[in-house]
Amino acid sequence: MSWQNWAQIGVLIGLIGVSAPLLGAYLARVFGGGAAPGDRIFGPLERLCYRAAGIDEHGEQTWRVYAGSLLIFSGISVAAVYLLMRLQGSLPFNPSHAVSAGPALAFNTAVSFVTNTNWQNYAGETGASHLTQMAGLAVQNFLSAAVGIAVAIALVRGLTRRKSDTIGNFWVDLVRTTVRVLLPIAIVLAIVLASQGAIQNLHGFTDAHTVAGATQSIPGGQVASQEAIKELGTNGGGFYNANSAHPFENPTALTNLLEIWALLLIPFSLAFAFGRLVGNRRQGWAIFAAMFFLWIGSVGVATHYEVAGNPRVQAIGAVGSNMEGKEVRFGAPASALFAVSTTDTSTGAVDSAHDSFTPLGGGALLANMMLGEVSPGGTGSGLYGMLVFAILTVFIAGLMVGRTPEYLGKKVQALEMKLIVLYLLAVPLVILGLAGASVVLPGPRSALLNHGSHGLTEMVYAFTSSANNNGSAFAGIGANTTWFNTTLAIAMLAGRFLLMILVLALAGALARKQTVPESAGTFPTATPLFAGLLVAVVVVVVLLTYAPVLALGPILEHLSL
Amino acid sequence: MFDPAILRQAALDSVRKLDPRLMAGNPVMFVVEIGSVLVTAIAIKDPSRFAWTIAAWLWFTTLFANLAEAIAEGRGKAQAAELKKTRAVTIAHRRGVDGTLEDVASGVLLMDDLVVVQAGEVIPADGEVVEGIASVDESAITGESAPVIRESGGDRSAVTGGTRVLSDEIVVRVTALPGASFLDRMIALVEGAERQKTPNEIALNILLAGLTLVFLLAVVTLQPFAVYSGARQSTIVLVALLVCLIPTTIGALLSAIGIAGMDRLVRRNVLAMSGRAVEAAGDCAVLLLDKTGTITLGNRAATAFLPLDGVSEQELAEAAQLASLADETPEGRSIVVLAKERFELREHELHGSHLVPFTAQTRMSGVDLEGLSIRKGAVEAICQLVEEKGGSVPKQLVELAGEVAQTGGTPLAVSENGRPLGIVQLKDIVKEGLAERFEHLRRMGIRTVMITGDNPLTAGAIAFEAGVDDFLAEAKPEDKMALIRREQAGGNLVAMTGDGTNDAPALAQADVGVAMNTGTQAAREAGNMVDLDSNPTKLIEIVEIGKQLLVTRGALTTFSIANDVAKYFAIIPAMFAGVFPELGHLNVMHLASPESAIASAVIFNALIIVALIPLALRGVRFRAASALAVLRRNLLIYGLGGLIAPFIGIKLIDLLVSAIGIS
């Protein structure tokens, strides 16, 4: 690896190290209940939203009402995107003449964007009109990210409140996240991206005549604005089919780095916000450390195998790192860094073809998602996922200090364990069940373009990506069929809303509890030891569920090289 | 630990416990049993050495789990059998309303019946002494041969059915029906018949059932992936993988750990009325310790009479003695004794006197006699009385009291007709070695609060000497209650001991209320533990036992889950190496053959249960240290150990298995 590549990782870590604690501090103020920076600017804007929607700004909700509001809101969102997709052919702002989508594709896309998955069974250039992109997909890029953050904040409230029936107000959390966090950062980022060459217009295709005499159709679009929130909100749905490998989405090495930074920013910051909100910053550091360790470990594995390259290809003379499916502009290390970050954050944006990674490089990407998107995970979903694992860790190991387990003073008892067990069970059930069915049923199986262990990886990747709301594709499957559109949508919905309901129920259960004061006898959760333990539990308990399929997929493929 | 008789019975019981209706209560082991049946059926239909080996070891796994529970229960049953001997039906002399005695079998006694028990007779039922005083041999339940005094009134009035009166005669009011007596409950408890799962055990069971489901899912869906890959697996191999992955170690030992925890308490002569209380003991953050008997040796005793100017020492002694005649407390008696020793004062016959007993509210006692009104009590109370009677409190009285208090003694003021006479000095002797134990507790994050009726100054001096964290002085029963409520409102669990009737509400309110066996029936009913030795210092041991129980549970859970890594490395290559020789690289233990690898993992999984039974019964060694230190140590042993041990164990078993070729 060249020094530039090392420097790139160093700069990225430096950027995160500076910006995440700062943003975390800001987020803690935004959700802390008191005065927050920028009240004078954001306050009137928020009140306008509340008045328009008839929201009682100070009304508190129980977890059931909170979850109900979230589901109603998301249901409406799915309907809106579905209708836009179905009708886009006859609606305005359609210069590239995208046709209206069929019901299965429209449903899959609507679910995909509302669940923050952004799995795309269509090509952006031809499959979505500008209206769909702007009023449907871009809007959901903001709102689905805000919904995730709202749930995470509700869980943190559950941990901090004592003997309380309520966990906040969904509508207020949604508005504050959008207005105070996502919009301002996305606007600045969009301008920076535009300055680097990301386009921002309402054009359709422009025909260009090249020097060689051929004619090229060059697409237009509101790329810079959508690109910013695509990364910032860990969405990942590209304006174009090539996603962040497209020069209009990701024009330079600088934008490549900035996009990686942007998709990691909020998930890492939430760990710091959590520490501040629970009144002990070291708690936040412990969560951050576990997230960071898993992320950097995966970066190490993927980069190593991508740089080392494929021995079979090298045997026929193509020396060097694995460049298949990668942008020459970025090279193997930067592509691996992007790929790991995008799969570790439930983003799913890609600047290289994951399908073409080396077996273990690609396997690392698959494993990242299997961990449940907690390293650092999606906006909000990363924090609540990691907190669920932290509670699980406390439950398993906490007894060893001679007290019944407690996390941040909250006793972990039967009800909490029921919810956590369901949380642990839901995603593997969806992934292994649906992928298992898909590899043996003749119809879905025939959609696989590859066979053997690589084909298995492709199939498992598709369901892992959708159930964990990542949305990146390993490709290799003709997935725009009724079976895949439907099963993948089920996976996305279960991986999103089933888990959110469980997390909100957990928040409600925790909020009702008394808080046990900390003492020398309390299981220490703000220590490096706990961060290490958390990593061990995530790897042993979660990843081991998938060990057989990982052995038959990436590991077998690697050993066969 | 392993009595052959108990082991023999346990071996039989472990087979009896194979009854699926019993197994269903333990989801992890129930899955193993279903797997055993399945593999056995396959082995019968399609016999092979491998199939029978796996079938046999799966049954052993189930039996070993049952054995662990049966051994734990067996030890309790042996104890219960001893107790049952004392529960024989006896003849009771029931006293009718008209005072006549009628002999009836103890089994027909009703609540509130009055029975007369004479020297040499067995007390027929639990009850309260309403008349008389007697020495009672309670060795049947406490194992302590020295007789104890039981008398009407006061805090030593409770008697237990099955114990024997050694001297004198008492009248007992029956407070428990036959079958619901203390002894019956004790038998049921040590037998484990009344055992209910504790809250943490229920939560842990949910996790274990959840993990079982997760791995069931992983194993069931493995087949389609295997079929796709062209490496279909036999049912035997899938069952073997499942049994190895689900947390059988902790699943097998969980109930044995719980029973053994209760048993450890019983061995220390403490009866926990529920497992919940044992768990709560481990969680306690505050211990309320009565000064008397817990922190100080026995009771305070009068050591000096300190008269005011103008009053002779004898005058004060006489008044103090008179005032103490109605005072049945040890302090009161010690004043009488001191007066007798110093001035040869005999106890007076008190004709036409009116005795004023001590109450926690007035905090004084005394006597009204031929125009004399003598009172003795807390200095504040006497001062208040003097002022009420229109007198003024001499400065010297307060000074004397202050001097006594500053040296850790307790001052009692004495007044005659509203005129203060002086101070009686009572002294406490603090038990040795307590400061160190309190320091241990502090390191575990447990705060000790000394409860005393003393004034703040005295209390402070003793608290300092004993090394407690805090004290509650001049404590009335409602203060104690308020303190418990306050701590609980702050989220702390509170443990306390108590014996008197006025302790009953606090004992009921505390999360762990240890009643002294010598105490009143009300106290014994209110607490959730009874200490048969009536040694309040034991509260500290109870907390340690509670913690040890939880640590053992956590250690074996961690061990069990950490084991999975090695088992995957044994079984996955074994499953697929036939079709994909490349996966042989994952066979890091270099196990001889796929069959021996799978068999070795299953055998290890079964044997580790047996190997850990002693640990489950004895409990993990618990040291008083901070949570961080305890965690670090246990993680190293049971976390890292759990990761490494199976690699070594499976390898060794594989060497053996492949050498003798049993698979």
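Cut-offs used in this document
- Residues numbered from 1 in each chain as written.
- Chains lettered and ligands numbered in written order.
- Predicted model: local features only at pLDDT ≥ 70, side-chain atom pairs only at ≥ 80, totals over all residues.
- Heavy atoms only, no water.
- Salt bridge = Lys/Arg side-chain N within 4 Å of Asp/Glu carboxyl O.
- Helix = DSSP H or I, 4+ residues; strand = E, 2+ residues; numbered from the N terminus.
- Buried < 20%, exposed > 50% of the residue type's maximum accessible area, 1.4 Å probe, protein only.
- Contact = heavy atoms within 4.5 Å.
- Buried area = accessible area lost by both parts, 1.4 Å probe.
- Polar contact = N/O pair within 3.5 Å; in protein donor to acceptor, adjacent residues only side chain to side chain.
- Nonpolar A, V, L, I, M, F, W, Y, C, P; charged D, E, K, R; others polar.
- Core = buried A, V, L, I, M, F, W, Y, C linked by side-chain atoms within 4.5 Å.
- Phe/Tyr/Trp six-rings, centres within 6.5 Å; stacked < 30°, edge-to-face > 60°.
- Lys NZ or Arg CZ within 6 Å of the ring centre and 35° of its normal.
- Pairing = 2+ DSSP bridges.
- Axes fitted to C-alpha atoms, helices over the stretch in contact; angles between N-to-C directions.
- Parallel < 35°, antiparallel > 145°, perpendicular 65-115°, else oblique.

Chemist: What exactly am I supposed to notice about the pattern of salt bridges here?
Modeler: Side-chain pairing between opposite charges can occur once the charged atoms of the two side chains come close. Counted under the stated rule, the structure contains 40 salt bridges over all chains. Residues Arg176 of chain A and Glu46 of chain A are paired through a salt bridge, measuring 3.5 Å at the closest nitrogen-oxygen approach. Linking Arg176 of chain A in helix H7 (residues 170-196) with Glu46 of chain A in helix H2 (residues 39-53), this pair joins segments that are 130 residues apart in sequence. Take Glu46 of chain A: its relative accessible area is 3%, and that puts it in the buried class. Salt-bridge contacts for Arg553 of chain B lead to Glu279 of chain B; the nearest nitrogen and oxygen are separated by 2.9 Å. Placement of the pair is Arg553 of chain B in helix H21 (residues 538-562) and Glu279 of chain B in helix H10 (residues 275-283), with a sequence separation of 274 residues. Overlapping salt bridges bring together Asp39, Glu46, Arg176 and Arg180 of chain A as one network.

Chemist: Just to check I follow, could you spell out the interface of chain B and chain A for this structure?
Modeler: It is common to give the size of an interface as the accessible area that goes away when the parts come together. Taken together, the contact between chain B and chain A spans 60 residues of the former and 62 residues of the latter. Counting each side, the surface lost to burial between chain B and chain A is near 4,900 Å², with a carbon and sulfur contribution of 79%. Three residues stand out in chain B for area buried against chain A, namely Phe225, Tyr228 and Leu631 of chain B, and they jointly supply 17% of the buried area on that side. Put simply, chain B and chain A have 1 salt bridge between them. Two residues, Asp283 of chain B and Lys411 of chain A, come together in a salt bridge whose shortest N-O distance is 3.3 Å. Our count for the contact surface shared by chain B and chain A stands at 14 residue pairs in polar contact (both at pLDDT 80 or more). Counting only elements with at least two residues in the side of chain B that touches chain A, the list comes to helix H7 (199-229), H10, helix H16 (434-443), helix H18 (477-489), H21, helix H22 (564-576) and helix H24 (627-660) of chain B. Per-element tally for the side of chain B that touches chain A: the top contributor is H7 of chain B, with 20 residues. Of the residues in the side of chain B that touches chain A, the class split is 35 nonpolar, 16 polar and 9 charged.

Chemist: Would you mind going over the nonpolar core with me for this structure?
Modeler: Generally speaking, a soluble globular protein has its nonpolar side chains buried in company with each other. Grouped together as the largest cluster of nonpolar side chains are 330 residues, with contacts concentrated most on Ile287 and Tyr407 of chain A. In terms of residue count, the dominant contributor to this core is helix H18 (residues 482-512) of chain A (17 residues). In this view, Ile287 of chain A contacts Ala271, Phe274, Leu383, Met386, Leu387, Ala390, Tyr407 and Leu534 of chain A; residues no more than four positions away in its chain are not counted. By size, the runner-up hydrophobic cluster in this structure holds 37 residues, among which are Ala378, Val379, Leu385 and Leu421 of chain B.

Chemist: Where do I start with the packing of aromatic side chains in this structure?
Modeler: Geometrically, a pair of aromatic rings is defined through the distance of the ring centres and the angle of the planes. Residues and elements named next belong to chain A. For the structure shown, the criterion picks out 22 aromatic pairs over all chains. Between Phe292 and Trp295, the aromatic rings sit 5.5 Å apart at their centres with planes inclined by 55°, giving tilted as the arrangement. Highlighted residues: Phe292 and Trp295, both in helix H10 (residues 281-308), separated by 3 residues, approximately one helical turn. With a centroid separation of 6.3 Å and an interplanar angle of 25°, the aromatic rings of Tyr407 and Phe530 are classed as stacked. Residue Tyr407 is located in strand E3 (residues 406-407), and its partner Phe530 is located in helix H19 (residues 528-542); the two are separated by 123 residues in the primary sequence. Grouping aromatic residues by their ring pairs yields a cluster made of Phe268, Phe272, Trp285, Phe288, Phe292 and Trp295. Positioned over the ring face of Phe357 is Lys326, at 4.2 Å from the centre of the ring.

Chemist: Mind showing me how you'd approach the pairing of strand E3 (residues 114-118) of chain B here?
Modeler: All names here are of chain B. In this structure, strand E1 (residues 91-95) lies alongside E3, joined through 3 bridges in antiparallel fashion. Within the sheet, the bridge partner assigned to Arg95 lies in E3 and is Leu114. When E3 meets strand E9 (residues 169-174), the two strands line up antiparallel, connected through 5 bridges. Looking at E9, one finds that Val116 is bridged to Val171.

Chemist: Would you mind showing me how to read the side chain of Ser465 of chain A here?
Modeler: Residues and elements named next belong to chain A. Tracing the backbone shows Ser465 in helix H17 (residues 452-467). In terms of polar contacts, Ser465 uses its side chain to reach the backbone amide nitrogen of Gly471, at 2.9 Å. Each residue touching Ser465, except ones within four places of it in the same chain, is listed here: Thr117, Trp119, Met369, Asn470, Gly471 and Ser472.

Chemist: What should I look at first to understand the environment of Asn485 of chain A in this one?
Modeler: Residues and elements named next belong to chain A. By secondary structure assignment, the location of Asn485 is in helix H18. The buried category is assigned to Asn485, whose relative accessible area is 2%. For the pair Asn485 and Asn121, spaced 364 residues apart in sequence, the C-alpha separation works out to 7.8 Å. Setting aside its immediate chain neighbours within four residues, Asn485 contacts Ala104, Leu105, Asn108, Asn121, Ala479 and Asn480.

Chemist: Explain the sheet that holds strand E2 (residues 101-105) of chain B here, please?
Modeler: Either a parallel or an antiparallel arrangement is found when strands of a sheet pair, and the pairing is made through backbone hydrogen bonds. All names here are of chain B. Taken in spatial order, the 6 strands make up an open sheet running E2-E1-E3-E9-E4-E7, and their pairing is antiparallel. Both edges of this open sheet fall to E2 and strand E7 (158-159), since each of them pairs with a single strand only. Where strand E4 (residues 127-131) and E7 come together, 2 bridges link them in antiparallel fashion. Paired with Glu128 across the bridge in E7 is Ala158.

Chemist: What exactly am I supposed to notice about the packing of helix H3 (residues 27-45) of chain B against H7 of chain B here?
Modeler: Relative orientation and spacing of two packed helices are given, respectively, by the angle between their axes and the distance between those axes. Residue and element names in this part refer to chain B. Contact geometry for H3 and H7: axes closest at 8 Å, N-to-C directions at 35°. Note on element contacts: H7 touches H3 through Asn205, Leu208, Ala209 and Thr212, opposite Pro27, Val28 and Val31. For the contact of H3 with H7, a count of residues per class yields 5 nonpolar, 2 polar and no charged.

Chemist: Is there a simple way to think about the sheet that holds strand E6 (residues 148-151) of chain B in this case?
Modeler: Residues and elements named next belong to chain B. Read from one edge of the open sheet, 3 strands run E6-E5-E8, paired in antiparallel fashion. Of all strands in the sheet, those with a lone pairing partner are E6 and strand E8 (164-167), marking the two edges. Recorded for the sheet is a direction-independent mean angle of 50° between the axes of neighbouring strands. Pairing analysis gives 4 bridges linking strand E5 (residues 133-137) to E6, with the strands arranged antiparallel. Of the residues in E6, the one forming a bridge with Ile133 is Glu151.

Chemist: What's the story with the packing of helix H8 (residues 223-232) of chain A against helix H9 (residues 253-277) of chain A in this structure? I'm lost.
Modeler: All names here are of chain A. With their axes 7 Å apart at the nearest point, H8 and H9 run at an angle of 45° to one another. It follows from the interaxial angle that H8 and H9 lie oblique. Facing H8, whose interface residues are Glu227, Glu231 and Leu232, H9 presents Glu259, Ala262, Leu263, Leu265 and Ile266. In the contact of H8 with H9, the residues fall into 5 nonpolar, no polar and 3 charged.

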